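Next come the chains, spelled out residue by residue.
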Amino acid sequence: PNYYVAWFLLVSVVWATRWLMTARVGLALAAIRERELAAASLGVDLGLYKGRALLMSAFFTGLGGAFYAHLIHFLNPNEVFNLSLSAMPLVMSMFGGLTTISGPLIGALTLYLLDAFVFQPLFPFSHQMLYGIALIGVLLFMPHGLTGGR
């Protein structure tokens, strides 16, 4: 049952993100991302749309956290609030590419597979360092991530 809930949440969040990117809110946020001063001069209320972006981010993060808590039935503060687990979504998103919907999905899948089949088996005590090296390599040689979208 949790497998189906996870797929439902993934499809729902991807659909909502795709819809938001084409709605007025998404277009305003894209304008703010590209050039904040130009967006403000065109009448985009920066505070309003930045607040909405924070609200949407908190909603989707809370949804993921609630599912994670339901999945493991217990939240240990040492596990949940450690830097590794907190930074992984950001690292995976940057690795895949921040400006497309598929970028974070590809980044998460790639880094998860690398971690499971390469990093942990070959370097069990330094696999977190390899995440950092992979991220720095992508940022230096592919600044828009693996998907390269802009």
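The structure under discussion appears in the preceding block.
Remember, it's a predicted structure, so these values are computed and weren't measured experimentally.

1. Section: the pattern of salt bridges
1) Next: If you walk through the whole model with that rule in mind, you get two salt bridges.
2) Next: Residues Glu34 and Arg33 are paired through a salt bridge, measuring 3.0 Å at the closest nitrogen-oxygen approach.
3) Next: Residue Arg33 is classed as partly exposed on the basis of its relative accessible area of 45%.
4) Next: The partner of Glu36 in a salt bridge is Lys50, with the nearest N and O atoms 3.1 Å apart. Of this pair, Glu36 sits in helix H3 (residues 36–41) while Lys50 is found in helix H4 (residues 46–72), placing the two residues 14 residues apart along the sequence.
5) Next: Relative accessible area serves as the criterion here: at 40%, Lys50 is assigned to the partly exposed category.

2. What to know about the packing of helix H1 (residues 2–22) against helix H2 (residues 24–34)
1) Next: The contact between H1 and H2 brings their axes to 4 Å, and the two run at 70°. Between H1 and H2, the angle is such that the two are roughly perpendicular. Touching Leu20, Met21 and Thr22 of H1 are Arg24, Val25, Gly26 and Leu27, all from H2.

3. A word on H4
1) Next: Spanning 27 residues, H4 covers 39 Å between terminal C-alpha atoms, matching the ideal 39 Å at 1.5 Å per step.
2) Next: Trailing H4 by a residue or two, His73 shows a phi angle of about 65°, which is positive.

4. So, a nonpolar patch on the surface
1) Next: On the surface, Leu109, Tyr112, Leu113, Phe117, Val118, Leu122 and Phe123 cluster together to form a nonpolar patch covering roughly 740 Å² of accessible area.
2) Next: Looking at the element boundaries, Val118 is found in helix H7 (residues 102–122).
3) Next: Classification of Val118 as partly exposed rests on a relative accessible area of 31%.

What counts as what
Residues numbered from 1 in each chain as written. Predicted model: local features only at pLDDT ≥ 70, side-chain atom pairs only at ≥ 80, totals over all residues. Heavy atoms only, no water. Salt bridge = Lys/Arg side-chain N within 4 Å of Asp/Glu carboxyl O. Buried < 20%, exposed > 50% of the residue type's maximum accessible area, 1.4 Å probe, protein only. Helix = DSSP H or I, 4+ residues; strand = E, 2+ residues; numbered from the N terminus. Axes fitted to C-alpha atoms, helices over the stretch in contact; angles between N-to-C directions. Parallel < 35°, antiparallel > 145°, perpendicular 65-115°, else oblique. Contact = heavy atoms within 4.5 Å. Expected span 1.5 Å × (residues − 1). Patch = residues over 30% accessible without salt bridge, like charges linked within 9 Å, V, L, I, M, F, W, Y side chains within 5 Å. Areas by Shrake-Rupley, 256 points an atom, 1.4 Å probe, with all protein chains shown as cover.

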